[in-house]
There are 2 protein chains.
Amino acid sequence: MNDFNVLVVDDEKEIRDAIEIYLKNEGITVVQARDGIEALEKLDEQPIHLIVMDIMMPKLDGISTTFKIREQKNIPIIILSAKSEDTDKVLGLQIGADDYVTKPFNPLELIARVKSQLRRYITLGTYEGKRNFIDLNGLTLDKEAKEVAINGDSVKLTPIEYKIVELLMSYPGRVFSINDIYERVWKEPSYNAENTVAVHIRKIREKIEIDPKNPRYLKVVWGIGYKMEK
Amino acid sequence: MNDFNVLVVDDEKEIRDAIEIYLKNEGITVVQARDGIEALEKLDEQPIHLIVMDIMMPKLDGISTTFKIREQKNIPIIILSAKSEDTDKVLGLQIGADDYVTKPFNPLELIARVKSQLRRYITLGTYEGKRNFIDLNGLTLDKEAKEVAINGDSVKLTPIEYKIVELLMSYPGRVFSINDIYERVWKEPSYNAENTVAVHIRKIREKIEIDPKNPRYLKVVWGIGYKMEK
DNA sequence: AAAAATCTTAAGACTTTCTTAAGTTCCGCG
DNA sequence: CGCGGAACTTAAGAAAGTCTTAAGATTTTT
């Protein structure tokens with residue numbers, strides 16, 4: 001269960017954190033949001049493969065949020081709620097949720113359900129909302145095969161190099177600070193990691209650029225970070 | 001919700017009939033089976049798009065039956081059980097069930113879950129997203145005969161070897177981490193299984209590759225996993 | 001009981017990652 | 001303009017991690 005991002009939406013920090021700990025343990029990355037509004041923001045910022053969502057929340061509740069998400073994307077949603085009355089379950093499933101877990105819940109059950117849904121997605125081959133193939137002026141990325149090619153010629157990247165390229169290519173033109181890059185690729189807070197990232201950028205340029213000194217694809221934005229040219 | 005066949009497996013006639021009435025009302029056709037053995041028979045006789053299965057049954061129980069079915073097909077299975085203990089839920093989901101409903105259940109909830117699963121299938125476009133015969137540059141896989149051949153010459157694989165090959169060949173070009181492979185073939189969380197998988201990969205290469213040291217089909221993607229070349 | 005299949009261990013080859021340190025470019029300010 | 005410092009680039013090698021392979025122990029099947 002690698003490389004999956006799960007968005008956990010709940011107004012209680014303890015619950016979010018608890019779920020995060022369990023999912024991390026399974027190699028799943030967790031992104032947290034406190035309410036529906038925040039959830040929709042996070043959804044725009046990064047690829048999310050599954051959502052665990054509380055129903056009772058301030059601002060925008062779980063049912064409404066599910067509705068809004070369903071208008072755009074087909075990500076699996078697991079509803080989490082204190083209410084255990086049947087009508088709510090039925091409502092949750094009818095509006096397009098894929099599963100339903102009632103509080104208090106056994107963490108193992110939630111994890112099993114999360115994994116069950118994610119497994120289904122692997123089987124399908126594509127996760128919705130995540131494009132599997134990107135082409136930027138001849139530089140191509142195949143997320144399934146984890147393959148990068150330049151004008152059709154496959155480029156051999158190391159795992160870290162690949163992840164950096166995938167991140168940058170997934171959001172063409174968007175600038176990522178060294179810190180952003182570090183945290184998203186290494187999935188841990190960055191500390192003194194400036195050069196580490198820089199070295200990898202160098203290696204990547206060596207492989208994907210015709211003239212690494214005058215990069216055409218992987219550009220620096222002085223004082224801010226790096227980006228992949230659109 | 002038309003043209004769907006749902007197999008209801010339970011030893012109590014009243015339950016089977018009750019479910020049938022509700023599902024029929026939704027335009028869904030129901031096929032009944034009294035136990036696991038009968039279920040497997042019905043599965044062979046006609047197209048079934050979803051299974052609702054009790055756990056406690058004579059002859060062949062629900063968990064074992066689910067296991068047997070999963071070896072062959074990828075139909076959605078909803079487990080139905082009197083036990084509501086968490087461990088059973090987790091077990092049910094882990095062995096490959098897609099959902100879990102505890103008795104006594106609200107018929108409306110069961111129907112909602114059935115429809116939710118079926119809806120997913122409609123979305124997918126295919127009932128069974130699995131092709132039965134695959135040919136990748138001369139390496140062929142026949143899922144019905146469980147046979148792998150290279151340029152027509154049948155290759156003798158052990159069960160585990162076969163499952164690994166089937167997994168990889170079913171998604172050509174897609175990279176699977178060792179963990180993914182382990183979890184999907186062994187159907188249990190992987191722990192210290194790195195070498196186990198590696199050894200099987202080795203054996204497979206010995207059998208399907210002309211030059212195992214320079215594999216043409218079963219490739220490694222450094223630091224990430226293995227894949228079958230498209 | 002023999003044969004086949006699976007798992008474990010471990011060593012060596014190979015690849016990747018990180019660190020350090022030095023070089024270069026860019027930007028603002030006198 | 002050109003100087004100084006900050007930001008970025010580059011190189012090289014040590015450390016860490018991954019993959020392959022072999023051999024034998026254990027379990028399962030025949």
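Structure: above.
Along every chain, residues carry numbers that run from 1 in the direction the sequence is written. Each chain is given a letter, starting from A, and each ligand a number, starting from 1, according to the order in which they appear as written. Owing to the predicted nature of the model, reporting of local features is limited to residues with pLDDT of at least 70; listing and counting of side-chain atom pairs is limited to 80 or more, with chain, interface and lining totals taken over all residues. Water and hydrogen atoms play no part in the side-chain values, which are based on all heavy atoms of the structure.

Trainee: Explanation requested: the overall build of chain A in the structure shown.
Mentor: In this text, helices come from DSSP runs of H or I with a minimum length of four residues, and strands from runs of E with a minimum of two, each type numbered from the N-terminal end. Counting its secondary structure elements, chain A contains 8 helices and 11 strands. Within the span of chain A, comprising 230 residues, buried residues form 53% of the whole. Long-range pairs, those at least 24 residues apart, make up 54% of the contacts in chain A with a sequence separation of at least 6. Per-residue accessibility takes into account occlusion by the displayed protein chains alone, with areas from the Shrake-Rupley method and a 1.4 Å probe. Here chain A has roughly 10,800 Å² of accessible surface; of this, 49% comes from carbon and sulfur atoms. A simple rule labels every residue: compare its accessible area, found with a 1.4 Å probe on the protein chains alone, to the largest value its type can have, and call it buried under 20%, exposed over 50%, or partly exposed in between. In what follows, residue pairs with any heavy atoms lying within 4.5 Å of each other are defined as contacts.

Trainee: So what exactly am I meant to see when it comes to the protein's contact with DNA strand D here?
Mentor: The near set for a molecule or strand comprises every residue that places at least one heavy atom within 4 Å of it. Close to DNA strand D lie 20 residues, the nearest being R202(A), R205(A), G223(A), Y226(A) and Y226(B). For DNA strand D, the fraction of protein-proximal atoms (within 4 Å) that sit in sugar or phosphate groups is 83%. Polar contact is defined as a pair of N or O atoms within 3.5 Å, subject to the rule that within protein one atom must be able to donate a hydrogen and the other to accept it, and that residues adjacent in sequence are counted only when both atoms are side-chain atoms. Between a phosphate oxygen of DNA strand D and a side-chain N or O atom of R202(B), the distance comes to 3.0 Å. Residue R205(B) places a side-chain N or O atom 3.0 Å away from a phosphate oxygen belonging to DNA strand D. Elements supplying a minimum of two residues to the surface near DNA strand D: α8 (194-208) and β10 (218-221) of chain A together with α8 (194-208) of chain B.

Trainee: Mind showing me how you'd approach the protein's contact with DNA strand C here?
Mentor: Neighbouring DNA strand C are 20 residues, the closest being T158(A), W186(A), N195(A), T158(B) and N195(B). Sugar plus phosphate: this is where 71% of the atoms of DNA strand C within 4 Å of the protein reside. With respect to DNA strand C, the side chain of H200(A) contributes an N or O atom lying 3.0 Å from a phosphate oxygen. Here I160(B) contributes a backbone N or O atom positioned 3.4 Å from a phosphate oxygen of DNA strand C. For the surface near DNA strand C, the secondary-structure elements that each account for two or more residues are α6 (159-170) and α8 of chain A together with α6 (159-170) and α8 of chain B. Among the residues forming the surface near DNA strand C, the class breakdown is 10 nonpolar, 8 polar and 2 charged. Under the scheme applied here, ten amino acids are nonpolar (Ala, Val, Leu, Ile, Met, Phe, Trp, Tyr, Cys and Pro), four are charged (Asp, Glu, Lys and Arg), and all others, including Gly, are polar.

Trainee: Is there a simple way to explain the environment of P58(B) in this structure?
Mentor: Residue and element names in this part refer to chain B. Position of P58 among the secondary structure elements: in the loop between β3 (50-54) and α3 (62-72). C-alpha separation for the pair P58 and R34, spaced 24 residues apart in sequence, amounts to 8.5 Å. Once residues within four sequence positions are removed from consideration, P58 is found in contact with D11 and D35.

Trainee: Is there a simple way to think about the packing of aromatic side chains in this case?
Mentor: Any two aromatic rings considered together are summarised by their centre-to-centre distance and by the angle between their planes. The rule is short: rings of Phe, Tyr and Trp, with Trp giving its six-membered ring, pair when the centres are within 6.5 Å, and they are stacked under 30 degrees, edge-to-face over 60, tilted in between. Per the counting criterion, the structure on display carries 4 aromatic pairs over all chains. Centre to centre, the rings of Y182(B) and W186(B) are 4.4 Å apart; their planes meet at 5°, and the pair counts as stacked. Here the residue Y182(B) and the residue W186(B) both occupy positions in helix α7 (residues 178-186), the gap between them amounting to 4 residues, near one helical turn. Since its relative accessible area comes to 10%, Y182(B) is described here as buried. For the cation-ring pair, R174(A) lies above Y171(A), with the distance from its terminal atom to the ring centre recorded as 5.4 Å. A ring is considered to have a charge above it if a Lys NZ or an Arg CZ atom is located within 6 Å of its centre and within 35 degrees of its normal.

Trainee: I keep staring at the pattern of salt bridges and nothing clicks. Help me out?
Mentor: Close approach of charged atoms lets side chains of opposite charge pair. Whenever Lys or Arg places a side-chain nitrogen within 4 Å of a carboxyl oxygen from Asp or Glu, that contact is recorded as a salt bridge. Scanning all chains against the criterion turns up 22 salt bridges over all chains. A salt bridge links E147(A) to K227(B); the nearest nitrogen and oxygen atoms lie 3.5 Å apart. Note that E147(A) is positioned in strand β8 (residues 147-150) and K227(B) in strand β11 (residues 225-228), a pairing that runs across two chains. On the basis of relative accessible area, K227(B) is assigned to the buried category, the value being 6%. Of the charged contacts, one joins K24(B) and E20(B) as a salt bridge, the two residues approaching to 3.3 Å between their closest N and O atoms. Residue K24(B) and its partner E20(B) are located together in helix α1 (residues 13-24), separated by 4 residues, close to a single helical turn. One salt-bridge network, held together by shared partners, links D99(A), E109(A), R113(A), D99(B), E109(B) and R113(B).

Trainee: Sorry if this is basic, but what is going on with the packing of α6(B) against α7(B) here?
Mentor: Two measures define how a pair of helices packs: the angle their axes make with one another and the distance between the axes. Residue and element names in this part refer to chain B. It is the contact of α6 with α7, at a shortest axis distance of 10 Å, that shows an interaxial angle of 120°. Judged by the inter-axis angle, α6 sits oblique to α7. α7 is crossed by α6, and the crossing has right-handed handedness. Here I160, K163, I164, L167 and L168 of α6 lie close against α7, whose contacting residues are I181, R184, V185 and W186. Taken together, the residues that form the contact of α6 with α7 break down as 7 nonpolar, no polar and 2 charged. To define axes, lines are fitted to C-alpha atoms, for helices over the stretch in contact only, and angles between the resulting N-to-C directions are given on a 0 to 180 degree scale. Small angles under 35 degrees read as roughly parallel and large ones over 145 as roughly antiparallel, with 65 to 115 read as roughly perpendicular and the rest as oblique. Handedness of each helix crossing follows the sense of rotation of the near helix against the far helix: counterclockwise by less than a right angle gives left-handed, clockwise gives right-handed.

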